[in-house]
Each structure stands twice: as C-alpha cells, then as structure tokens.
Amino acid sequence: MRSIDIHAHIVPDSLWKAADAKKEWFGFRHEAGEGLGTMVGGGMRTHFTSPKVRYSVEERLKDMDEQKVDVQVLSIHTPLVGYHLDAAQGLALARNVNDEIAATARQQPKRLAGLATLPVQDVKSAIDELERSVTKLGLKGATLDTNVNGEQWDEPKFLPLFKAAEQMGAMLFFHPQPQNNFLMQRTKRHGLFNSLGVILDDAIVASILICGGVLEACPKIRICIAHGGGPMCYAMGRLDRNWHGRPGSRSTPKPPSAYQKQLYYDTVTGSEEALRFLLDQVGAERVVLGSDWPFVPWHPSPVAWVQNLKSLTQDEKDKILWKNLEALLKL
C-alpha cells in the first residue's frame, strides 16, 4: 500500500540563508529567540514551532520513512506567501520559492512533489506564475491562503485564476494562517487561534467558493481544503436552509450541498468521528491523506492513524492513502 501526503510544509532554504546573514527575505525579518525564532513581516509574527522546518532533504526523507509516508506534496508555510507585498516583490518571492520547491522535488522525484505559491495580489502575474510552475517546473498546482489581504475568493477579479487552474488541471490547496487568523481579534488565549481559528477559516473559504459561485463557474476545478474543510460539512444544513429561505441572497442555481462533493478534503480532522462524518458527507473519493508536516504530532504516524481506524473500510483507506492523489496529481 502506498501513501501520498497532500499537506506537507516547507520553509525555503533561501529564507534561512537570509536569516543567517542577518538580511531580510522579501521584506520578512528574522528575530532570534526560542527554537528557530520568529519571522516578522506584513504586520504578522510567526514563530517556528518545530525544528523540522529547517530539515535538509535527507532529514525530511528519513522522517517520512519513520512516518511511513511514501510521497510528500510540498507547499510553503502559509505565513510566508507575501500577499501584502507590491506586485513586483510578490512575484519575485513566488518565483524564488517555486524554483526551490521544484529543485527539491527533482532531487527525489519518486518521493517529493510540489505546489507553487502565487502572487495573487496581481491576478495576471499569478496566472502566469501558475502556468510557469505547472508547465515548466513540473509542480502540481498551487497553495493559497484563505483570503487575499482581506478580499474574498469570490471577488470577480479572481475568477480568471480559477479558470486557468481548471484548464491546466492544477490542484489548488487552500490553507489558513495558523498564527495570524481572524480569531486573534477575539482572543489570544487558550491557543484558540490555532485549534479553532484555523478550521473556522477552512470552513469560511470552502463556503465562499461554494456560495460565491466559483465551483458553479468551474465545475472541473481541483480544489482541496486543509484540515478536512473544518466544520463546513457539519454546517451544510444551515447553508442550505439559507439558500432555500432567502432567495434574494442566492448566487448559485443549486443549494450549497450540491457542490460540496466538488471539493477535496484532507484527513487532518483531529478525530476519527470527524473524519467518519466527512466521509459520510462527501465520499471516500473526495478525501486525501494529510499530515500538516511538521506541525501536527502523530503517534505513530498519519498513515498508521488512517490504517488503524475501525470505522473505515479497506477500500476507503486505499482511496484516502494513495489512490485519489495518485490519479489526481499523476504521481
């Protein structure tokens, strides 16, 4: 049995080289401190919570072996996407990161694949960089934050990007800010910005893509939502009730539940019960293995966790662990 992980982060080596030289990295500044310190940029502070974010390729592969993960699909740690930068700087950051991810994947093509980051503050540049990343660098798609400087993904100006991704067959992987999401405006206590804020952002972006008509306009697009989509599927009855009860607010010809099976979702749900509910709502064909490497501790591994779940059939486990992503990403 193979295992392919859609949700594995990378912090670019170019960032660490800049930090070692005490230089800025595309406007981000490193501050020494506990562990690997903190990156400051765009009004946000991101503390590195795992020493593995500075692993070499060899160390990553050893860790993958211990975790029983055959293939990781690499994506940038979301706080570093740089959407706050001007268009030229944003493009320079994206090209730097994407070149490095592609070069890393080329070192171990049977073990590593990659997703690009895009300068979505300028949609034309984002489309051009997605095309370069997919057609010239061999990346499988792109990772996106759940909003763009406060703008939502159903804004009409973003539709050409979704159309381009659909035409290319590129996977779009939506991942929220782990330490800088909107819940921090409510409370910074109890770690709720991470445990709860992240999955609320997942549900918000999934709902916006559905209710805002993106999936209606792009029926063949490949989009995966991190952390099992958060509570989006759990809230689907409320979304449908609003669609039926308030016709004036509709932006789609069908109720929201008609679109939830157009999305893909990873397995980082936090519990077997949550994963089972997700599977019952969308089917095993729409769920893929995720680990959130290296930020979520798994005992003994994300693969073993799925394999040992009693409520899943072997067919469901096979689809989740490798069959779905192997076909989607041609791995």
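Heads up: these notes are all about the structure in this document. (Residues numbered from 1 in each chain as written. Predicted model: local features only at pLDDT ≥ 70, side-chain atom pairs only at ≥ 80, totals over all residues. Heavy atoms only, no water.)

## Topic: the nonpolar core
And then number 1: Formed by 93 residues in total, the largest nonpolar core has its most connected members in W153, F162, F174 and I223.
And then number 2: No other element matches helix α12 (residues 314–329), which puts 6 residues into this core. (Core = buried A, V, L, I, M, F, W, Y, C linked by side-chain atoms within 4.5 Å. Buried < 20%, exposed > 50% of the residue type's maximum accessible area, 1.4 Å probe, protein only. Helix = DSSP H or I, 4+ residues; strand = E, 2+ residues; numbered from the N terminus.)

## Focus on the pairing of strand β3 (residues 38–41)
And then number 1: Burial of the side chains of β3 extends over both faces: T38 and V40 are buried on one face and M39 and G41 on the other.
And then number 2: Here 3 bridges tie strand β2 (residues 29–31) to β3, and the two strands are oriented antiparallel to one another. Bridged to R29 within β3 is V40.
And then number 3: Counting the residues in the hairpin turn of β2 and β3 gives 6 residues, including G35, whose phi is positive at 65°.
And then number 4: Relative to strand β4 (residues 44–47), β3 runs antiparallel, the two being bridged by 4 bridges. Residue pairing in the sheet places G41 in a bridge with M44 of β4.
And then number 5: The antiparallel hairpin formed by β3 and β4 contains 2 residues in its connecting segment, where G42 sits at a positive phi of about 60°. (Pairing = 2+ DSSP bridges.)

## What about the side chain of T38?
And then number 1: Mapped onto the fold, T38 is located in strand β3.
And then number 2: Given a relative accessible area of 12%, T38 falls into the buried group.
And then number 3: Of the polar contacts made by the side chain of T38, one reaches the side chain of H47; its length is 3.4 Å.
And then number 4: Once you skip the residues sitting within four places of it in the chain, T38 turns out to touch R29, H30, E31, R45, T46 and H47. (Polar contact = N/O pair within 3.5 Å; in protein donor to acceptor, adjacent residues only side chain to side chain. Contact = heavy atoms within 4.5 Å.)

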